[in-house]
Protein chains: 2
Amino acid sequence: MSNNSQKIVVIGAQAAGLGAAAAAKKLNRKLNVTVLEQSIYASSSPCGLPYFVGGEIEDVRKLTFAEPAIIRDRMGIDLRLEHKALSINTKAKCVTCTDINESQYVLEYDRLIIATGASPKVPPVEGVDAEGVFTLRNIGDAERIRNYIADNSPRKAVVVGAGYIGLEMAEALTHLGLEVTVLEMLPQILTSMDPDMAEFAQQHLENNGLLIKTNSALEKIVPNERGSVGSVVAAGGTIDADIVILALGVRPNISLAKEAGIEIGECGAIAVDEGQRTSVPDVFAAGDCCQSLHIVSGRQVCMPLATVAEKQARVAGENAAGGNAKSAGILGTSISGAFGMVFASTGLITEAAKNHCSGALSQAFMGHSHAAYYPNPRPLKLKLIFDQSTGRILGAQAVGEEGALARINALISATYAGLTVADLAQLDLPYAPPFGSSWDPIHVVSMMAMRRVRLSPE
Amino acid sequence: MSNNSQKIVVIGAQAAGLGAAAAAKKLNRKLNVTVLEQSIYASSSPCGLPYFVGGEIEDVRKLTFAEPAIIRDRMGIDLRLEHKALSINTKAKCVTCTDINESQYVLEYDRLIIATGASPKVPPVEGVDAEGVFTLRNIGDAERIRNYIADNSPRKAVVVGAGYIGLEMAEALTHLGLEVTVLEMLPQILTSMDPDMAEFAQQHLENNGLLIKTNSALEKIVPNERGSVGSVVAAGGTIDADIVILALGVRPNISLAKEAGIEIGECGAIAVDEGQRTSVPDVFAAGDCCQSLHIVSGRQVCMPLATVAEKQARVAGENAAGGNAKSAGILGTSISGAFGMVFASTGLITEAAKNHCSGALSQAFMGHSHAAYYPNPRPLKLKLIFDQSTGRILGAQAVGEEGALARINALISATYAGLTVADLAQLDLPYAPPFGSSWDPIHVVSMMAMRRVRLSPE
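Residues numbered from 1 in each chain as written. Chains lettered and ligands numbered in written order. Predicted model: local features only at pLDDT ≥ 70, side-chain atom pairs only at ≥ 80, totals over all residues. Heavy atoms only, no water.

Asks: How would you explain the overall build of chain A if you had to name every residue and give the values?
Replies: A tally of helices and strands in chain A yields twelve helices and 25 strands. A globule of 458 residues ought to have a C-alpha radius of gyration of about 23 Å, and chain A, at 24 Å, matches this closely. Taken over the C-alpha atoms alone, chain A extends approximately 65 × 60 × 40 Å along its principal axes. Out of the 458 residues belonging to chain A, those deemed buried represent 59%. For chain A, the proportion of contacts with a sequence separation of at least 24, taken over those separated by at least 6, is 62%. Just so you have it, chain A exposes about 17,900 Å², and 48% of that area is on carbon and sulfur atoms. When the 39 basic and 47 acidic side-chain charges of chain A are each reduced to a single mean position, those positions are 5 Å apart. (Helix = DSSP H or I, 4+ residues; strand = E, 2+ residues; numbered from the N terminus. Rg over C-alpha atoms; globule rule 2.2 N^0.38 Å. Buried < 20%, exposed > 50% of the residue type's maximum accessible area, 1.4 Å probe, protein only. Contact = heavy atoms within 4.5 Å. Areas by Shrake-Rupley, 256 points an atom, 1.4 Å probe, with all protein chains shown as cover. Lys, Arg positive; Asp, Glu negative; His and termini not counted. Charge placed at Lys NZ, Arg CZ, Asp CG, Glu CD.)

Asks: Before we move on, could you go through the relation of the copies chain A and chain B and cite the residues and values that matter?
Replies: Once chain A has been moved 0.0 Å along the axis and rotated by 180°, it coincides with chain B to within an RMSD of 0.0 Å. Here the symmetry operator amounts to a two-fold rotation axis. Both copies contact each other with a shared surface, as 100% of the interface residues of chain A are interface residues in chain B too. (Least-squares fit on C-alpha atoms with pLDDT ≥ 70 in both.)

Asks: How would you sum up helix α6 (residues 195-207) of chain B? Please name residues and give values.
Replies: Residue and element names in this part refer to chain B. In a regular helix each residue adds 1.5 Å, so 13 residues correspond to 18 Å; α6 covers 18 Å between its end C-alpha atoms and thus fits that length. The complete set of buried residues in α6 reads Met 197, Ala 198, Phe 200, Ala 201, Gln 202, His 204 and Leu 205. Residue Gly 209 follows α6 closely and has a positive phi angle near 100°. (Expected span 1.5 Å × (residues − 1).)

Asks: Describe in detail the sheet that holds strand β16 (residues 243-246) of chain A, supporting the description with residues and values.
Replies: Residue and element names in this part refer to chain A. Here five strands make up an open sheet; going across it, the order is β9-β16-β10-β11-β12 and the pairing parallel. The outermost strands of the open sheet, each flanked by one partner alone, are β9 (133-135) and β12 (211-213). This sheet shows a mean twist of 20° between the axes of neighbouring strands, independent of strand direction. By the bridge criterion, three bridges tie strand β11 (residues 179-183) to β12 in an arrangement that is parallel. Looking at β12, one finds that Thr 181 is bridged to Leu 211. (Pairing = 2+ DSSP bridges. Axes fitted to C-alpha atoms, helices over the stretch in contact; angles between N-to-C directions.)

Asks: Would you mind going over the nonpolar core in detail, with residue names and values included?
Replies: With 84 residues, the main nonpolar core has A:Leu384, A:Val421, A:Leu424, B:Leu384, B:Val421 and B:Leu424 as its most contacted residues. In this structure B:Leu384 touches B:Leu361, B:Ser362, B:Gln363, B:Ile393, B:Gly395, B:Ala396, B:Leu411, B:Val421, B:Leu424, B:Val445 and B:Ser446, once residues within four positions along its chain are discounted. (Core = buried A, V, L, I, M, F, W, Y, C linked by side-chain atoms within 4.5 Å.)

Asks: I'd love a proper account of the sheet that holds strand β14 (residues 229-234) of chain A, names of residues and values included.
Replies: All names here are of chain A. Spatially, β13-β14-β15 is the arrangement adopted by the three strands of the open sheet, whose pairing is antiparallel. At either end of the open sheet lies a strand with only one pairing partner, and these are β13 (218-223) and β15 (237-240). Mean inter-strand twist for the sheet, computed between neighbouring axes without regard to direction, equals 25°. Across four bridges, the pairing between β14 and β15 is antiparallel.

Asks: Requested: an account of the environment of B:Ser362, with residues and values cited.
Replies: Residues and elements named next belong to chain B. Within the secondary structure, Ser 362 is located in strand β23 (residues 360-368). Sequence separation between Ser 362 and Lys 383 is 21 residues, and the spatial gap between their C-alpha atoms is 6.8 Å. If sequence neighbours within four positions are ignored, Ser 362 has contacts with Asp 194, Thr 350, Lys 383, Leu 384, Ile 385, Phe 386 and Arg 452. Engagement of the side chain of Ser 362 in a polar contact is seen with the side chain of Thr 350, the distance being 3.4 Å. (Polar contact = N/O pair within 3.5 Å; in protein donor to acceptor, adjacent residues only side chain to side chain.)

Asks: Break down the packing of helix α10 (residues 404-417) of chain A against helix α10 (residues 404-417) of chain B for me, with residues and values.
Replies: Helix packing for two helices is described by the angle between their axes and how far apart those axes are. It is at 7 Å that the axes of α10(A) and α10(B) come closest, and there the two elements cross at 20°. In this view, α10(A) runs roughly parallel relative to α10(B), as classed from their interaxial angle. Crossing of α10(A) over α10(B) shows right-handed handedness. Between α10(A) and α10(B), the contacting residues are A:Leu405, A:Ala406, A:Arg407, A:Asn409, A:Ala410, A:Ser413, A:Ala414 and A:Ala417 on the first element and B:Leu405, B:Ala406, B:Arg407, B:Asn409, B:Ala410, B:Ser413, B:Ala414 and B:Ala417 on the second. Grouping the constituent residues of the contact of α10(A) with α10(B) by class yields ten nonpolar, four polar and two charged. (Parallel < 35°, antiparallel > 145°, perpendicular 65-115°, else oblique. Left-handed = near helix turned anticlockwise from the far one by under 90°. Nonpolar A, V, L, I, M, F, W, Y, C, P; charged D, E, K, R; others polar.)

Asks: Which residues make up the confidence of the model for chain A, and what values do they have?
Replies: Residues of chain A with pLDDT of at least 70 account for 98%, and the chain-wide mean is 95. For this predicted complex, the interface confidence reaches an ipTM of 0.96, while the overall pTM sits at 0.96. (pLDDT = per-residue confidence, 0-100.)

Asks: Give a description of the pattern of salt bridges that names residues and reports values.
Replies: Pairing between side chains of opposite charge can happen when their charged atoms approach one another. All told, the structure shown has 32 salt bridges over all chains when counted by the stated rule. A salt bridge links A:Arg314 to A:Glu318, with the shortest nitrogen-to-oxygen separation between them at 3.9 Å. Of this pair, A:Arg314 and A:Glu318 both sit in helix α8 (residues 306-320), four residues apart, which is roughly one turn of that helix. You can call A:Glu318 buried: its relative accessible area is 18%. B:Asp59 is the partner of B:Arg61 in a salt bridge, and the nearest nitrogen-oxygen pair spans 3.1 Å. Judged by relative accessible area, which is 56%, B:Arg61 ranks as exposed. Taking the relative accessible area as the measure of exposure, B:Asp59 reaches 28% and is therefore partly exposed. Each of A:Asp194, A:Asp196, A:Lys381 and A:Lys383 takes part in a single network of salt bridges with overlapping partners. (Salt bridge = Lys/Arg side-chain N within 4 Å of Asp/Glu carboxyl O.)

Asks: Go over the packing of aromatic side chains with me, naming the residues and quoting the values.
Replies: Under the definition given, this model contains six aromatic pairs over all chains. When the ring centre of A:Phe52 is taken as reference, the NZ or CZ atom of A:Arg146 above it lies at 4.1 Å. In this structure, A:Lys311 is placed above the aromatic ring of B:Trp439, and the distance from its NZ or CZ to the ring centre is 5.9 Å. (Phe/Tyr/Trp six-rings, centres within 6.5 Å; stacked < 30°, edge-to-face > 60°. Lys NZ or Arg CZ within 6 Å of the ring centre and 35° of its normal.)

Asks: Now, about the interface of chain A and chain B: what can you tell me, with residues and values included?
Replies: If you look at the interface, chain A gives 58 residues, while chain B gives 58 residues. A buried area of about 5,400 Å², summed over both sides, lies between chain A and chain B, and 64% of it is on carbon and sulfur atoms. The largest per-residue losses of area from chain A upon contact with chain B belong to A:Tyr373, A:Gln426 and A:Asp428, which jointly make up 15% of the total buried on that side. The tally of links between chain A and chain B comes to zero salt bridges. At the junction of chain A with chain B, the criterion picks out 26 residue pairs in polar contact (both at pLDDT 80 or more). (Buried area = accessible area lost by both parts, 1.4 Å probe.)

See the structure below:
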């Protein structure tokens, strides 16, 4: 765009929307960038919410990265809080929206960036709107949960969904003194991991007081006589509950885009190319509302994570400002922790890898975080998923109280670079007694995997 | 070797020697493997010694990985403690040695593995043999230091040399209540790092009570009237000292090999090929006594580390047993820590990189170990060394109280794989508030580096 007064409109002011706006302004300070945000919060961090509920983060202001005044004055972005986009007209290149008084107006754009994010899934069962039933997606949700706990002193909590947010919330509520049951409809917790890795994590969580029920789909929520939640029915059994957290994951917010005729991808999110361009000229998308290219599988996937959103936002913002940036694609990396144990994964889990490549194998190893002779080594379980005909790494997982992040980080670069288990078996990893072993658990699991590559029929 | 009764002789029974012996036996259980060890210890870990001196490791037996009985009975290795190799005759294929009674005998071999290790450097100054002056290389040294401290209750210690062992010993002695001064003849501590990284580490060590004097070469050690150490003279000044630890690094033990006509490499260690073969047929070498191929520089270097030794040992052992293994080469990775801070590096430091590649640049960034809004983020300094014309990573360093190991691990795989700063800038690294930031410090330093690649004259 040679005309510096051209207008970029961004829908959404969380990680992706503001990240894109900032990237556009950074490339061309003279651009006119307007960001519409339907809530009263901009630049907030959903990842921090469980820690705010649990009290580890005390000040709610810490959950937003930049004050509106800074966004407006220092970054030069026309941030419009409580302005809601109602529709997009891609032919006329304008967005119809409402302002803070709910008055409609029309905003023209030269380039549009859709960063509408995702919304928590709410299961279609009776009682989900009872008082005391919450989802957790934004600062308002977290404040409502904190207030409810302060006002009602619940003793028993049920968390529905044993993914990262569910487990983080289960830990937070346990720290607040509640007795917590986690319900998961699938046979395992943490479905971004293989079942044996999830099982290792589950043992630790149970040892720390969580009651976890797998194969337990939520059937209904039963209010008490005061209309607030009293119990939960799941897999035929009833569990007393004074508070319920629904943590079933999120669904991309695509209706604005869909109604505007913008293509939606197979995974149900907005389809974009590597430049974050949608199917419609001059319209970009970034963050939880759009899909990502998984580098290992070559497929388009939904991966609603801040890490992905911020990288896509930078590409979308730069390109909307006339740049030519490219998204590298993702590995599907994720990490979380509860009760001192860390769960981390990257690449494909075994099941997905087998769908992608018939020769996919996996190898697990239970090692230690550091030299056995140095005090307090902690169990550390690693798993490699690899192609048996080439040894190439397709994915990796690490679970343990110490050293899981360090191992997954080595394995992330390795997966990205297409290294093989033979490369890993001799990789010059660091060792000193407090930090590892001269044969790191990565070496051990890689050597175990290597023997299976060698034995494979060619 | 088709003849199963063929004989492998190994000189040295520490990490490299025993590792090689075990690898040979593993490949062919029927081989006759004899290991000569001049000390009374086999399979001991020098890396654990500072922690034994400091009392964190209480039981000396924890410093050996396998009891002699296990090595002999379970592993089937003819381990001969207190047997010393005197000479090697590579034409007659035999080793002349002395037994426990110092009687000479001759041992024939089909394949020989030299794993003679390295010995501490002792500076050629007056007073180094005073009582109370120690080097630290083996369990006997560590026990002597512990006994000396128990018997003499020294109050002031001087550690000469501010490398990893020197700093680990300085921490150990501080924990035991001594006042510790560290002398380093060079202008910086930790020469495996760039000066600014070492400076950041030094501040932390000084804040924890260490007195560190750089540019302070040891001139002499002055005994007191009882003949034990009383003070140290360095760079013209005198420092009171009740105990002195010489930690100036090690020198490869090559005299046996050299006298046998085996080629010594430029770096002063035994020259080997990627199969750990020396210049003489049927003679292999592994560990601190031999050189390693540095993958980034393509040069042969001395890197006396357990990690390197054990990998070389496996290759030497397999090949001596008739295998065809190859050493992958090293990245020069090392790690250490003191007073809660971790110092880690891989690849080339800036100075070495500039010698290797005229376009080498470096970029440092002081970030945080995890999200600023989650309690207690710790400063974490990263440095990338890269080729400005291609962006390829040539080396990396990480110093911090939290997260340094995780970052160096990602950067080790990246350096090994030849990734660029542009790859790293979009790498799908994990993030959750307790473990990182959505833009990891690796991303930030890589983006800073990327701008300098883009600006480079082509």
